[in-house]
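For reference, the chains in residue letters:
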Amino acid sequence: MSNRRHFLQGGLSLAALATLAPWFPPAAWGTAPLLQRKIPSSGENIPVIGLGTSRVFNESLDDASLAPLLEVVRTLFAGGATLIDTAPSYGAAEEVTGELLKRSGDLDRAFLATKLSSHGKASGEAQFRASQKALQREKIDLVQVHNLMDTATQLGLLRELKQQGTVRYIGITHYVESAHDDLIETLEKEKGVDFVQFNYSVGERGAEKRLLPYCADHGLATLINRPFQRSALLQQVKGKPLPDWAGELQATSWAQILLKFILAHPAVTVAIPATSKARYMADNLTAGTGPLPDAALREKIVQVFA
Ligand SMILES: NC(=O)c1ccc[n+]([C@@H]2O[C@H](COP(=O)([O-])OP(=O)(O)OC[C@H]3O[C@@H](n4cnc5c(N)ncnc54)[C@H](OP(=O)(O)O)[C@@H]3O)[C@@H](O)[C@H]2O)c1
């Protein structure tokens, strides 16, 4: 479906969006649809760019604090994306996400991913109920065991919740390369996992060795966190002009080049850059449109960040 149709279906015209945010839409918008990939365990399509909420959504619930974040969420949906990744351990992020989705009218459209970071089944159940309340939704699309914390017990609980229909997909996460082998070990032992979330970027390519191929071979969807290594990768190229070959990717920013590098890996399902700014959200969504780098262009990206 084209972005343009998404705007219209969402009840927003391009003109209305331009009034809402004068910088909007960036040049590449509306010219190509946002790429989608399949969730292997169900065959459901999902847009390749999502939104992370760590730190950036840990805000007060007053109107002034929520206003810029509401524009981020509106931009996400206007661009055809749906996935928001949050966690009970991200301060107020779950509550802020629920409130923003209520205000934007997108509560039912969102693909909501949260996490469990508990010890023991009773504590996990209580944490899940608190997430439902904060997110203002009974049914959560994806719940992941955060950083492999009490994994066997929490995955057992998640399988039950999935069976009951309260959770659609279950997963496990980590954010450091030294834990990638532990993720694989867990996947070897535990059945029924749909999603694996981990760090992967041009600056942290360890997942290419075993984890990404493992996920491809075993029908696992992947969520990619830390796509900019927070902002470190973007700092590395601050003020540096884009190379000529950026045109071949239809990329107009370094953030788009970094995200396209990630999306070019066939085992990647969704990248989840975090942002508190609507213009960055639009920038990141643009990375999910147009051409992706082939092996030769990926190598050129590697050289820039070497
Ligand atoms: N263990 C886990 O499960 C785990 C661990 C780490 C992360 N995660 C998930 O993955 C998400 C992403 O990782 P992350 O938040 O650590 O780091 P990240 O996405 O690599 O970087 C986020 C930073 O990049 C900046 N940014 C975003 N888009 C930009 C753009 N187009 N141009 C310039 N700057 C841009 C943001 O700036 P502004 O703040 O100015 O918008 C933000 O500070 C998290 O939010 C979380 O949902 C999960």
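Residues numbered from 1 in each chain as written. Predicted model: local features only at pLDDT ≥ 70, side-chain atom pairs only at ≥ 80, totals over all residues. Heavy atoms only, no water.

- As recorded in an unreviewed UniProt entry, the protein goes by Aldo/keto reductase and comes from Pseudomonas schmalbachii.

**What to know about the packing of aromatic side chains**
Move 1: By the definition in use, this model includes five aromatic pairs.
Move 2: Note on Tyr-200 and Phe-261: the rings are 6.2 Å apart at their centroids and 40° apart in plane angle, and the pair reads as tilted. Within this pair, whereas Tyr-200 is found in the loop between strand S8 (195-199) and helix H8 (211-217), its partner Phe-261 is found in helix H10 (residues 254-263), the two being separated by 61 residues in sequence. Phe-261 matches Tyr-200 in its accessibility class, with the two residues each being buried.
Move 3: For the pair Trp-254 and Phe-305, a centre-to-centre distance of 5.9 Å together with 85° between the ring planes defines the contact as edge-to-face. Of this pair, Trp-254 sits in helix H10 while Phe-305 sits in helix H12 (residues 295-305), and the two are 51 residues apart along the sequence.
Move 4: Given the relative accessible area of 9%, Trp-254 is considered buried.
Move 5: The exposure class assigned to Phe-305 is buried, which follows from its relative accessible area of 9%.
Move 6: Here the basic side chain of Arg-279 rests over the ring of Tyr-280, its NZ or CZ set 5.0 Å away from the ring centre.
Move 7: Above the plane of the ring of Phe-261 lies Arg-298, whose end atom (NZ or CZ) is 4.1 Å from the centre. (Phe/Tyr/Trp six-rings, centres within 6.5 Å; stacked < 30°, edge-to-face > 60°. Helix = DSSP H or I, 4+ residues; strand = E, 2+ residues; numbered from the N terminus. Buried < 20%, exposed > 50% of the residue type's maximum accessible area, 1.4 Å probe, protein only. Lys NZ or Arg CZ within 6 Å of the ring centre and 35° of its normal.)

**Some points on the site of the ligand**
Move 1: Surrounding the ligand, one finds 31 residues, the nearest of these being Asp-85, Asn-147, Phe-228, Thr-275 and Lys-277.
Move 2: In this structure, Phe-228 approaches the ligand through a main-chain N or O atom, which is 2.8 Å from an oxygen atom.
Move 3: One nitrogen or oxygen atom from the main chain of Ser-276 is found 2.9 Å from an oxygen atom belonging to the ligand.
Move 4: Coverage of the ligand by the protein amounts to 89% of the 910 Å² it exposes when considered alone.
Move 5: Most atoms of the ligand, that is more than half of them, are within 2 Å of grid points of the largest pocket.
Move 6: Ranked by residues supplied to the shell around the ligand, first place goes to helix H11 (residues 278-286) with three residues.
Move 7: Along the lines of polarity and charge, the residues of the shell around the ligand split into 11 nonpolar, 13 polar and seven charged. (Near = heavy atom within 4 Å. Polar contact = N/O pair within 3.5 Å; in protein donor to acceptor, adjacent residues only side chain to side chain. Areas by Shrake-Rupley, 256 points an atom, 1.4 Å probe, with all protein chains shown as cover. 1 Å grid on protein atoms, 1.4 Å probe; cavity = no way out; pocket = protein on both sides within 12 Å on 5 of 7 lines; lining within 4 Å. Sits in = over half its atoms within 2 Å of the grid points. Nonpolar A, V, L, I, M, F, W, Y, C, P; charged D, E, K, R; others polar.)

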